[in-house]
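# Observations on the three-dimensional arrangement
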Amino acid sequence: MTTTESRVPATLEERRPEHSALGKQVGWGIALRLANIGVTAIIARILAPADFGVFAVALAVHVVVAGVAELGMASAVARSALEPDEIAPTVASISIGVSLLLGAAMVTFAGSIASVLGTPDAAEPIRILSLSLVIAGVFAVPGAQLAREFEHDKILMATVAGFVPANALLIGLALDGGGAAAFAWSLVAGQLVTGLVLVAALPRHYLPGWRRSVVGSLMRFGLPLALANLISLVLLNADYLIIARLLTETQIGVYMVAFSVAGGATAVLGMVLTGVVVPAFGRVADDRSKLADALVTSSGLVALVAMPIAFVTMGLSGPMVETLFGARWLDAGPVLTVLALHGLLFSFSLLYVNVLVATGQTARLLLIQVAWLAALAPAIVLGVKVDGLVGVAWAHVAVIALVAIPGYLWAVRRATGRPAAQLGTGLVGAVLHPMLAAVFAGLVAGATSGLFETAWIGFLAGGFAAVAAYTLVVWPALVHHVPTLAGRLPGTRRTPAGHTPAKAGRSVQSVDRRPRLAFGLEGLALGGCSINAIDLARTLRGRGQEVSIFAVEEDVQVSLIPYAEAAGFAVTTIPADVGLVGRARAIRRYADAHDADIVHVFAPGLGPAASVAVSGRSRRAAVMLNWTMENAFWTAPHTPMIVGTGAMRDEAEPLHGSQVWLLEPPVDLSRDRPHEEAAAAFRHDFGISSLDLLVVQVTGVDRVLQLSGILQAIDAVVRLDEAGDHSVRLAVVGDGDAMAEVQMKTVAANERLGRDAILLTGFLLDPHPAYAAADVALATGGSALRSLAHARPTIVLGENGFARPLAPDTVDYFLSAGFLGTTPVDDPAGHLAGLIGDLRDPALRDERGGYGQWMVEKRFGLEAAADSLERMYAEALATAPPVPTRLADAAYLLARSAAGDLKRLVTRQ
C-alpha cells in the first residue's frame, strides 16, 4: 500500500468556511444540471424517443445492480467515527471484488434480462454498462475519502472533468447513429474520467488489502445499508422495470425525458447531502439536541433549492418541453407536471435517508424502503391502467407522500428524541417561507407563459418572471440566513473562543427611554376590544407612557371616538380600501409622525400591515393582539402575538415563529364595580320595578356573533312568561346593524305577552349603570368580565345556542377557552330559560355574583394587564429581528397577498 501524508488542520477553522463550500456545491450542481438538460435537448433532436426508452431500461438494470456493488461500505469510510486507515483497504477489496462479479453477471445475462423486461434491444447497452459497474467499485473508496474531508472543490472538479468528455462522446456517437449504445458509452467514459481525477486529487491513497478483524463490523453496518440502497434504487427505477412490459419503447422514452427534467432538485441536492450531511451528522449522532436543530436547518436549505425548481417546473412544463426537446416530445409535458411534485418530495426523503445513514439507523431505513417498494409496485400497475404515463407519475407522488415521508419523519424523530409536535413545528417553520415563495413563483410563471402563443417566448418570459418573483420574496432571507444556516450544520464551524452568539435571526436592542406606543384598531365601532384598548392606553399613559391611537376608517352606527375623547385621546383614521401596501404605508407614516417604538394592533386583520410597516425600522417592533376566539396565523412569522385564552396560546406556541403571550381581556376595576345609586337610576329611567327580575345584555347588536344570542334571550323570556314567570324583563343595551331585526322581534314578543317584557335601550355612552342594575347578566367576552366585576351572576352566551353560567365548576372552562362557547344545544331558548329560572333564588345570585367578582379582581385587573404589556413591549424590542429578517417577512406577506389577489382575479374570470 502506498500512502502520502496529508496536512491535517489543527482546527476546523483552518478549513475554508463550510457555508462557502456548500454554496459553491449548490451553484455548480445547478450549472451541471442545466448543462445536462441542455445536452439532453440536443440528443432529443437527434435520437428517436424509442432510443431513450431502450437506454432507460438498460440504465435501470445497471443502477439497481450498482447499488449493491460495494455492499454499502464506502459510507463507513465517510463516517468520522471509523478511521480510514483501519478499514479503507478492506473496503476497497470488497468493493472491487463484488463489482467485478456483478459486472460479469451483467455481461452473461444481459440478453435474458432484456427479454424478461420486454425490451430485447436493451441487451447491448446493459453489457456496455457492466464496465461502469466495475469502475464504480474501483473508485468507491477515493470518493468516500474526499466526502469525509469535506473536499467539495475537488469533487466538483472531478465531476466537471467527467461531464465534458462524456457528453462530447454522447453527441458524436448519436450523430453517428449510435442509438441507445451512445448513452451507455458516454456514461462509462464520464465515470472513468471522474474517477481518475478523484484519485489524482487525493493526498493519501489506499491499495486493496484485508483486515479480518474489521470485516464483521463492516458487514453489520454495510449489508443493511446495501439492502436499503438496493430497495431505494429499485424504487427509483421500478417504474422503468414495470412499464417496460406494459408500454412501448417510445412511451418509455417520453417518460424518461420527463423524469430527467423533474429530478433537477434531486440531482443538485444529492451531491450536497451526500457530501455534507452524512459526515456532518455523523459527528453529532450522539447529541440529540444538536441533531434535531441541524435537521431543521438542513430542511430549510433543501426547501430553498428544491421548492422553486419544482413549482416553477410545474408552471412551465408544457412550454418547457416544447422549447427544449421539440414538438414530438409534447406528451412529456403532463407527466413532467406531476413528476415535479415527486422530485420535490424525493429531495426531502433524500435528506432523511442521509440523516439515518449518518446516525447508523440503517435497520429503520431498510424497513421504510421495504414498505415503500411494497406500495409502489402495485400503484404503478394501477396508474398505467388508469391514466398511462401520467398515472405512473401520480402513483409515485401518492406513495412517497403517504408512505415514505411519514415513515422517514417517524424514524428521524426517534433518532432526535424530540417530541413530534416540537420537531414538526420546527420543520414546518423552516420550509414554510420557501414553499409560499415557490408557489407564488410557480403561479407567476404559469400566468406569464400563458400570455404568449409561441412556446419558447412563453417559457423564457415565464422563467424570468418566476425568478424575479422568487428572488423578491426570499432574497433578504437568503442573504441573511444561508451563511448562518450552513454554519449551524454540525461539524462545519465552531464559534471562536470567547464569542457568544445571539439567538439566530435576532438582534438585541437597548432602549434608553420608555417606548412610545401606537395602538391600532381595525375600525371605529365601539365594542369590547376597542373599549379595552382605550382603557389600556389610559392606564399606560397614567404610568408615564406616551400612547397614541389610530383606527381604520369606516362608517359605523356607534363610534368609539366619544369614548376615546372622554379618556383624553384623539383618534387618527387611516384609509380602509387601500390594500396591504397602502395600509402599511399609512401605519408607517403614523408611527413616524409619533416616533413610535411599538406598533400594537388590536386585531389580527391589521397584523400583516403592521409587520410590513415596521420592516424597514430597526428600532421599531410590531405586536399583534387577537382577542377573538380563533387563532389567526396570517401575520409575519417574527411578529409577536398576544392571545386571550390559554387554549389559544397552547395551540399557537408550537406553530408561530415568534413569541406568543397570554393577555386576557382586562377590566377597569375602578369603574366596573357595584354601584347602588347608578343601579337605582337605571331602573328608574327605564321603568323597571324592584320586583322585576332584570336580565341585562350589554352587547353590540350586530349580525356577526351577537344577533343569535339576542334572539335566543328574547325567546327565553317568552318561554319563562308562558310558563307563568311574569316578572322577568330583558334589557338589551347597545346598537348595531341588526337593530331593525331585533326591534321587530321585540315588538312581536311584547305584543304576544301583553307587557313590555323586552326593553331596547339603544347605545349608552356609559353602560356601567346597566351592569350595576342587572339581577342576571347575559354576556360574551369582555362584557362578561365587566358583568362579573359588578358582582352580577353571569350567563355566558356563545354560538349554536351555547349558554353556561360562570360558577366554581365552570370557571376552568372559561379561563381556558375564553368567555365564549360553540357547543350546540337542542333547544337554545329552553336551555337559557332554565338557567335564568335557576337564578330566581337570591341566595344563588349573591353566591354566583360574589364568586365572579372575586375571580375578576384576582386575575383581570387593568393594572395587572398594563404590567404584562410593559414586559411584553420590553421583550419585543429586545428580541426584535434585524432588518433583513423583517424585509423577508414583509416580502412573504406581500407575496401571499398578491397570490390571494391573483386567485380572486382568476376566480372572478
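Rules used throughout
Residues numbered from 1 in each chain as written. Predicted model: local features only at pLDDT ≥ 70, side-chain atom pairs only at ≥ 80, totals over all residues. Heavy atoms only, no water. Helix = DSSP H or I, 4+ residues; strand = E, 2+ residues; numbered from the N terminus. Contact = heavy atoms within 4.5 Å. Core = buried A, V, L, I, M, F, W, Y, C linked by side-chain atoms within 4.5 Å. Buried < 20%, exposed > 50% of the residue type's maximum accessible area, 1.4 Å probe, protein only. pLDDT = per-residue confidence, 0-100. Axes fitted to C-alpha atoms, helices over the stretch in contact; angles between N-to-C directions. Left-handed = near helix turned anticlockwise from the far one by under 90°. Nonpolar A, V, L, I, M, F, W, Y, C, P; charged D, E, K, R; others polar. Salt bridge = Lys/Arg side-chain N within 4 Å of Asp/Glu carboxyl O.

### Section: the side chain of Thr761
With respect to the helices and strands, the residue Thr761 is situated in strand E10 (residues 758-762). If near-sequence neighbours (up to four positions away) are discounted, Thr761 is found in contact with Phe682, Phe686, Val732, Val733 and Gly734.

### Things to note about the nonpolar core
Within the largest apolar cluster, 119 residues are counted, with the highest numbers of intra-cluster contacts made by Phe52, Tyr255, Phe325, Tyr352 and Tyr408. Counting residues per element, this core draws most heavily on helix H14 (residues 362-416), which supplies 21 residues. Beyond its immediate sequence surroundings of up to four residues, Phe52 is in contact with Thr40, Ile43, Ala44, Leu47, Phe183, Gly253, Met256, Val257 and Trp329. Counting residues in each nonpolar core, the second largest holds 38 residues, with Leu526, Ala551, Phe569 and Leu862 among its members.

### Remarks on the confidence of the model for the protein
Predicted coordinates in regions of low pLDDT should not be interpreted in detail. Averaged over every residue, the pLDDT of the protein is 80; the share at 70 or more is 81%. Predicted confidence is poor over residues 1-22, with pLDDT under 50, and the contacts of this stretch with residues over four places away or in other chains come to 37 contacts. In the predicted structure, residues 479-512 sits below a pLDDT of 50 and forms 71 contacts with residues beyond four places in sequence or in another chain.

### Here we look at the packing of helix H2 (residues 49-66) against helix H5 (residues 123-138)
Between H2 and H5, whose axes approach to 9 Å, the crossing angle comes to 35°. Here H2 and H5 pass one another in a crossing that is right-handed. Here Val54, Phe55, Ala58, Leu59, Val61, His62, Val65 and Ala66 of H2 lie close against H5, whose contacting residues are Pro125, Ile126, Leu129, Ser132 and Leu133. Taken together, the residues of the contact of H2 with H5 sort by class into eleven nonpolar, two polar and no charged.

### As for the pattern of salt bridges
Counted according to the given criterion, the structure contains 19 salt bridges. Taking the shortest distance from any N to any O, the salt bridge between Arg543 and Asp867 comes out at 2.5 Å. With Arg543 in the loop between helix H17 (528-542) and strand E2 (547-552) and Asp867 in helix H30 (residues 862-878), this pair connects stretches of sequence that are 324 residues apart. Among the residues examined, Arg543 registers a relative accessible area of 22% and is labelled partly exposed. A relative accessible area of 33% places Asp867 in the partly exposed class. Arg859 is the partner of Glu664 in a salt bridge, and the nearest nitrogen-oxygen pair spans 2.9 Å. With Glu664 in the loop between strand E7 (660-662) and helix H22 (676-685) and Arg859 in helix H29 (residues 842-859), this pair connects stretches of sequence that are 195 residues apart. Overlapping salt bridges, with partners in common, bring together Arg514, Arg543, Glu863, Asp867 and Glu870 in one network.

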